[in-house]
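Secondary and tertiary structure notes
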Amino acid sequence: MAKNILIMINSGKDQKPKILTGLNLAVVGKQKHLFDDIKVIFFGPSEQIIADGDPEVMDMIKKLSEMGDKPMACQVVSDNMKITDKLKAVQTLNVTMIGPVLADLVSKGYEVLNF
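Residues numbered from 1 in each chain as written. Predicted model: local features only at pLDDT ≥ 70, side-chain atom pairs only at ≥ 80, totals over all residues. Heavy atoms only, no water.

Here we take up the packing of helix α1 (residues 16–31) against helix α3 (residues 55–66). As a packed pair, α1 and α3 sit with axes 10 Å apart at the nearest point and diverge in direction by 20°. On the basis of the axis angle, α1 is roughly parallel to α3. Crossing angle aside, the handedness with which α1 passes α3 is left-handed. Taken together, the residues of α3 that come into contact with α1 (itself represented by K16, I19, L20, L23, N24, A26, V27 and K30) are E56, V57, M60, K63 and L64. Residues of the contact of α1 with α3, tallied by class, amount to 8 nonpolar, 1 polar and 4 charged. (Axes fitted to C-alpha atoms, helices over the stretch in contact; angles between N-to-C directions. Helix = DSSP H or I, 4+ residues; strand = E, 2+ residues; numbered from the N terminus. Parallel < 35°, antiparallel > 145°, perpendicular 65-115°, else oblique. Left-handed = near helix turned anticlockwise from the far one by under 90°. Contact = heavy atoms within 4.5 Å. Nonpolar A, V, L, I, M, F, W, Y, C, P; charged D, E, K, R; others polar.)

Right, here's the structure in full:
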């Protein structure tokens, strides 16, 4: 079993159940200490559902943040989608350059799960 996992949420808002599945895995995994560490990254089309303020997704992001790790979103993607200001307004989300973060986590042996 992987000790550390990175949950990459790439699905568009039209695939909300898939997004919620990834977020639920992260929340339950943290609550039940199933892994040593769990990171969540929103990447690509999934960032739009945050910009739209979907209540279920926002609630899950808040829960994860309260557990100690803010989920992340890619600023390059959000800049291209012109939604960076909306994402940065979400205090429970860390908007950053994901490439270096991803490279670092993979080099540390994080298992990547895509939703």
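Turning our eyes to something else, we now look at the sheet that holds strand β5 (residues 111–114). Think of a sheet as strands paired side by side through backbone hydrogen bonds, with each pair either parallel or antiparallel. As summarised here, the arrangement of the 5 strands in space is β4-β3-β2-β1-β5, forming an open sheet in which the pairing is parallel. Of all the strands in the sheet, the pair left with one neighbour each is β4 (94–96) and β5. Across the sheet, the mean angle separating the axes of adjacent strands is 25° when strand polarity is ignored. Sheet topology note: the strand β1 (residues 4–9)/strand β2 (residues 37–42) ladder contains 6 bridges and is parallel. Residue N4 lies in a different strand from β2, and its bridge partner there is D37. (Pairing = 2+ DSSP bridges.)

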